[in-house]
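Residue-level listing of the chains:
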Amino acid sequence: MHRGKGMKFVGDSRIRENDDRHIPKDYSEYPGRTEPFWPNFLLKEWLVGAVFLVGFLVLTVAHPAPLEKEADPSTAGYIPLPDWYFLFLYQFLKYPFASGDYVVIGTIVIPGLAFGALLLAPFLDKGPERRPTKRPIATSLMLIGIISVFYLTWEAADHVDWEARAASQKLVEGIEIDQESPGYQVYSQNSCLQCHGDTLEGGAAAPPLIDTGLTADEIKDIAQNGIGTMPAGQFEGSDEELQQLAEFIESLNAE
Amino acid sequence: MLQKIYDWIDERIDITPIWRDIADHEVPEHVNPAHHFSAFVYCFGGLTFFVTVIQILSGMFLTMYYVPDIENAWDSVFYLQQEVAHGQIVRGMHHWGASVVIVMLFLHTLRVFFQGAYKKPRELNWIVGVLIFFVMLALGLTGYLLPWDNKAYFATTVTADIAASIPFIGEDLKTLLTGDPNIIGAQTLTRFFAIHVFFLPAALFVLLAAHFIMIRRQGISGPL
Amino acid sequence: MSEDKKSQVSRRQFLNYTLTGVGGFMAAGLLAPMIRFAVDPALQPETSGDFVSTGKEVDSFTNEPTRVDFTVEQQDAWYNSKVTKTAWVYKQEDGSILALSPKCTHLGCIVGWNDNEDHPNMFYCPCHDGLYEKNGKNIPGTPPTAPLSVYDVQVKDGILYLGKEIPRKEA
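This one's a predicted model, so the numbers in the text were calculated from it and none came from an experiment.

Peer 1: Help me out: how do you make sense of the interface of chain C and chain B in this one?
Peer 2: One frequent convention defines the size of an interface as the accessible area lost when the parts assemble. Listed by partner, the interface residues are 10 residues for chain C and 14 residues for chain B. Of all elements in the fold, only helix H2 (11-43) and strand S2 (66-76) of chain C reach the threshold of two or more residues within the side of chain C that touches chain B. When residues in the side of chain C that touches chain B are grouped by element, the largest group, 3 residues, is from H2(C). Split into classes, the residues belonging to the side of chain C that touches chain B amount to 7 nonpolar, 2 polar and 1 charged.

Here it is, written out as structure tokens:
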């Protein structure tokens, strides 16, 4: 703070009086084709931002954020999946050189090296050249990194049966399972429960049994002869029990 | 009237120089899409910031309904999405914004990398930027658990096991993260909530401030 | 600069040291309780598990692994709940019961018995294609590094009781 002769301050404060700094610079003071940030350039940025926002809002309206069923640690055969931007790491851990005895390589060493190199890039690539073609090592390493991240993500996503996942996690509302009913007793005594879950909610290997839209006869047939990946001969009870089971499942319809 | 109020304030606390510095700085030609269309690559950083603002705002509003408790978390998310007016949009903004911000960060990082913009004298700003990237990934990871649905629960189980696989400190690190050596449960959810809502955003604000101050001091890197 | 001057502490240095010291005291005083508060879970002593009845008769098991669900009282800080745990149980050749935990030793996914067409009569983990033999031994070349954990087994009045999960080292 320089306090020269003739400087005047507001009261006993350090604020200078009669300061004219709030007069904006004249446009002629911008050399070449430069322009002031405010308002000229910021307006352009905000135009881009406005277009972006419209697209983003359309996305939120068109695609509700997904919500699976409430967490249940005993859900049978649930395949955990991270958010898409961690899929590449998840896929990486599938490879034998990054799992098993070498899991430390997969979880710490390789990601540590990759992200460490990214963090310290300015000190690894010290030359004065900025053009990507003039620094082939840095450029090619980054390209390899990008390609492997894309490849691993694609591999991981390709491995997943997205439709079955969505179906098994579909929210089924308004159904009260009467666990005392004879049909449920039959259901739990046979092996149905192991795949279809204790509230018939389905699992990774089997669809939910609520809202099937099947008739009792069709259900009887499936229970005995199987369908799709479900093997035949799963039901091991009397005909009377089979009838109870089929009627029980048929009755489970969300209103 | 407004001018008078402004002058009254300005006379007392001299706010003009603060924003004049930001408003009047020259934007060079090579980053201006009006002159070179390819300059749109310089928008990625600004858009990342824009989505970050969306995330902060939507997150603040989500906590009006959300409860970080394993009994109620899922129900509160279900309620705010299904029953509350515009709940789908607000949660959608936060959910999809989390993905979009990663995409934008990725593009921004690649722009800076391939232009060699991290070279002397901008090494520090690159490091701060990469740290922001890490904080964003950590925000995504912790936020993923909060709805307490199956996806959240099982992904976090795997995350905890990955943490546990770190030699020597792994098991303790896992316990610190999840709050219990064996259970992903009530304490995990409150911990992740605290980290997601207070600790990481605090770190993010500091890093963002450093990022922007350095850009203002150093100016944007020149054309290739 | 002479030796003498070097060892002297100037007024400014003294104030700087004192400032750092007082600042350090304030930071430590603030943070010490908070950090102890945050790391508390890692310092809790491990609790021993009690045996829980599965309600299944021991004689009902064959040499084919069957899925047994049993309920454990779980205390998660302030949240007490009944948790359903799963075990794959079968009778070994010597007549003893082996109860395997379904938690994959790779990254904790849930394995299933004989549920993948390509790997019959094995425990298969769908996450990263981990495989285990019937006795829980991991198959080399697949991601898991250790066999499936076993539950402590107790038999009372012909009913199977299961206790703590015990991790096993590679055989």
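Peer 1: Which parts of the structure should I look at to understand helix H5 (residues 87-114) of chain B?
Peer 2: Helical geometry note: an α-helix holds 3.6 residues per turn, so side chains three or four residues apart project in the same direction. Residues and elements named next belong to chain B. With 28 residues, H5 extends 40 Å from end C-alpha to end C-alpha; this agrees with the ideal 40 Å at 1.5 Å per step. Along its length, H5 shows its largest kink, about 30°, at glycine 97. One or two residues past the end of H5 sits glycine 116, with phi positive at roughly 60°.

Peer 1: Would you mind going over the sheet that holds strand S6 (residues 123-125) of chain C with me for this structure?
Peer 2: Through backbone hydrogen bonds, the strands of a sheet pair up, either in parallel or in antiparallel fashion. With respect to topology, 3 strands assemble into an open sheet ordered S5-S6-S7 (chain C), the strand pairing being antiparallel. Across the chains shown, the open sheet's two edge strands, defined by having one partner strand only, are strand S5 (112-113) and strand S7 (130-132) of chain C.

Peer 1: I would appreciate a short explanation of the interface of chain A and chain B in the present structure.
Peer 2: With 57 residues of chain A at the contact, the number on the chain B side is 66 residues. Residue assignment for the side of chain A that touches chain B shows that the elements contributing at least two residues are strand S1 (35-36), helix H1 (37-62), helix H3 (103-119) and helix H4 (121-124) of chain A. Of all the elements, H1(A) adds the most residues to the side of chain A that touches chain B, at 12 residues. For the side of chain A that touches chain B, a count of residues per class yields 34 nonpolar, 8 polar and 15 charged. Relative to strand S1 (residues 26-27) of chain B, S1(A) runs antiparallel, the two sharing 2 bridges.

Peer 1: Quick question: what am I supposed to make of the packing of H1(A) against H5(B) here?
Peer 2: When two helices pack together, their arrangement is captured by the angle between the axes and the distance separating the axes. One can describe the packing of H1(A) onto H5(B) by two numbers: an axis separation of 9 Å at closest approach and a directional angle of 120°. For the pair H1(A) and H5(B), the sense of crossing is right-handed. Residues Phe56(A), Leu59(A), Thr60(A) and Val61(A) of H1(A) lie in contact with H5(B), whose contacting residues are Ile89(B), Gly92(B), Met93(B), Trp96(B) and Val100(B). Looking at the contact of H1(A) with H5(B), its residues break down into 7 nonpolar, 2 polar and no charged.

Peer 1: What is the right way to read the confidence of the model for chain C from this model?
Peer 2: Close inspection of predicted coordinates is inappropriate for parts of the model with low pLDDT. On average, residues of chain C score 84 in pLDDT, and 94% of them reach the 70 mark or higher. Here the predicted complex carries an ipTM of 0.93, next to a pTM of 0.83.

Peer 1: Before we go on, may I ask you to explain the pairing of strand S9 (residues 159-166) of chain C in this structure?
Peer 2: Strand residues, when the strand is regular, have side chains that alternate between the two faces of the sheet. All names here are of chain C. Sheet topology places strand S1 (residues 52-57) next to S9; 3 bridges connect them, and they run antiparallel. Residue pairing for S9: glutamate 57 is matched across the bridge by isoleucine 159. For strand S8 (residues 150-156) and S9, the ladder comprises 6 bridges, and the chain directions are antiparallel. Paired with lysine 156 across the two strands is isoleucine 159, which belongs to S9. A loop of 2 residues connects S8 with S9, the two strands running antiparallel in sequence, and aspartate 157 in this loop sits at a positive phi of about 50°.

Peer 1: Quick question: what am I supposed to make of the nonpolar core here?
Peer 2: One broad trend across soluble globular proteins is that nonpolar side chains are buried collectively. Ranked by size, the top nonpolar core spans 55 residues in total, and within it Trp148(B), Leu189(B) and Ala87(C) carry the most contacts. If one sorts the elements of this core by residue count, helix H7 (residues 150-164) of chain B sits on top with 7 residues. Apart from residues lying up to four places away in sequence, Trp148(B) is in contact with Glu70(A), Ala71(A), Ile70(B), Ala73(B), Trp74(B), Tyr153(B) and Leu189(B). Core analysis: the second largest hydrophobic core is formed by 36 residues, Tyr85(A), Met142(A), Phe50(B) and Leu200(B) among them.

Reading the values: the criteria
Residues numbered from 1 in each chain as written. Chains lettered and ligands numbered in written order. Predicted model: local features only at pLDDT ≥ 70, side-chain atom pairs only at ≥ 80, totals over all residues. Contact = placed C-beta atoms within 7 Å. Helix = DSSP H or I, 4+ residues; strand = E, 2+ residues; numbered from the N terminus. Nonpolar A, V, L, I, M, F, W, Y, C, P; charged D, E, K, R; others polar. Expected span 1.5 Å × (residues − 1). Bend = angle between axes of the 7 residues up to and from the residue. Pairing = 2+ DSSP bridges. Axes fitted to C-alpha atoms, helices over the stretch in contact; angles between N-to-C directions. Left-handed = near helix turned anticlockwise from the far one by under 90°. pLDDT = per-residue confidence, 0-100. Core = buried A, V, L, I, M, F, W, Y, C linked by C-beta atoms within 7 Å. Buried ≥ 20, exposed ≤ 12 C-beta atoms within 10 Å, placed from the backbone.

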